[in-house]
Amino acid sequence: MDTIYSKERKKINALINVFFVKAKVIDYFNIFSKITFPRFWNSILLGLSYYFSKLTRKAIHRGMPLSISIEPTTFCNLQCPECPSGQRQFTRPTGNLGLSFYKKIIDQLHKKLMYLIVYFQGEPYLNKDFFGFIKYASSRKIYTATSTNAHFLDDENSRLTVESGLDRLIISLDGINQEMYERYRKGGDYEKVIIGIENIIGWKKKLKSAKPYVIIQFLVFRHNEDKINEIKRIGKELGANEVQIKTAQFYNFKKGNPLIPKNEKYSRYRKMPDGTFEIKGKLPNNCQRMWKSCVISWDGLVVPCCFDKDATHLMGDLKTELFENIWKNEKYNHFRTQILKNRKKINICRNCTEV
């Protein structure tokens, strides 16, 4: 039998859900507004290519990417323990993406590209050209998104963010107080993140803008897994459009990690009878990302997806090659064929939840 407290909690959760759903509908309309005939036809070609590739187990590929991630920088102000950027552990070159090089990339892709993530590793706001990246893509009617730790969302940068035309802003907030937050976000300032969120919401209201769609992303760890309802409440109070609960990726998970949640509902991994851990997903021999998207590093290296953080599976280099030639080259199609035949053999796939 429900107690008065649990009934009230259900009512509050229901109101929060309604609040977030309404905002999400507006965002969907914004995404659909970017559709043009070339982009629509491209998505059909990609879908058919992927379907027939799964059916025949041969890498059949038509079309150009529907979505890409471009890396503004590899540098970050935090030292998160499971992040190569935070731990300064890259073996590839580090640096910042230049605006002129970025424009050359967008010029090659914009007619069929619909969704652009201006983020891979690092903190995007550390690149002085960040707002230029967003404005240029927006002028090409591409949906733009980025992810930030929000430490640079002062009043001025928040105004510039809204004015840039950014469509989606993901803000990492993995705690409900400083002590909980800095357990993972090493060197982070919880209050600065809260102020940053308030600044963005404030400028959206001042400029009467529905954009960016603000997502508070909550990575679930052992020390915060019992605060899911609390972060949803905080998100609503701050005026965020959505609170996204996300499982965390760990690089060395087989022997366990003190950050892995006890509740498997919030974990990518399950504990085995012998005390070791394994990923919960079945890892089927297919992956639509290989047909529809890719990642471009700050210096123009094209890699298959965001799990290849050190560019170990290099498909090509935009400093010397055109994107379309890389996207359709023999090396890329060989990689897609490997995915279809035995995905578990590919190292970056073994810790992936994509199905």
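Structure report, in brief.

Procedures and definitions
Residues numbered from 1 in each chain as written. Predicted model: local features only at pLDDT ≥ 70, side-chain atom pairs only at ≥ 80, totals over all residues. Heavy atoms only, no water. Buried < 20%, exposed > 50% of the residue type's maximum accessible area, 1.4 Å probe, protein only. Helix = DSSP H or I, 4+ residues; strand = E, 2+ residues; numbered from the N terminus. Arc of directions from axis to C-beta. Contact = heavy atoms within 4.5 Å. Core = buried A, V, L, I, M, F, W, Y, C linked by side-chain atoms within 4.5 Å.

Describing helix H3 (residues 99–109)
Part 1 of the argument: When H3 is considered as a whole, its buried residues turn out to be Phe-101, Tyr-102, Ile-105, Ile-106 and Leu-109. Projected down its long axis, H3 shows its buried positions confined to an angular sector of 135°, all on one face. Residues of H3 that are exposed and angled more than 90 degrees away from the buried face: Ser-100 and Lys-104.
Part 2 of the argument: The inward-facing, buried residues of H3 abut strand E1 (67–70), strand E2 (115–117), helix H4 (130–139), strand E9 (293–296) and helix H10 (323–327).

Quick word on the nonpolar core
Part 1 of the argument: In terms of nonpolar packing, the biggest core is built from 83 residues, with Ile-70, Tyr-102, Leu-116, Leu-173, Ile-296, Val-302 and Phe-323 touching the most fellow members.
Part 2 of the argument: Sequence-distant contacts of Tyr-102, defined by excluding residues within four places in its chain, comprise Ile-70, Leu-97, Leu-116, Phe-133, Ile-134, Tyr-136 and Ala-137.
Part 3 of the argument: Counting five residues, the second largest nonpolar core, distinct from the first, contains Phe-120, Val-295, Val-303 and Ala-311.

A word on the environment of Met-315
Part 1 of the argument: Within the secondary structure layout, Met-315 lies in the loop between strand E10 (301–303) and strand E11 (316–317).
Part 2 of the argument: Between the alpha carbons of Met-315 and Ser-43 there is a distance of 22 Å; along the sequence they are 272 residues apart.
Part 3 of the argument: What Met-315 contacts, discounting residues up to four positions off in sequence, is Val-302, Pro-304, Ile-326, Asn-329, Lys-331, Tyr-332 and Phe-335.

Function-wise, these values are silent; they only describe arrangement.
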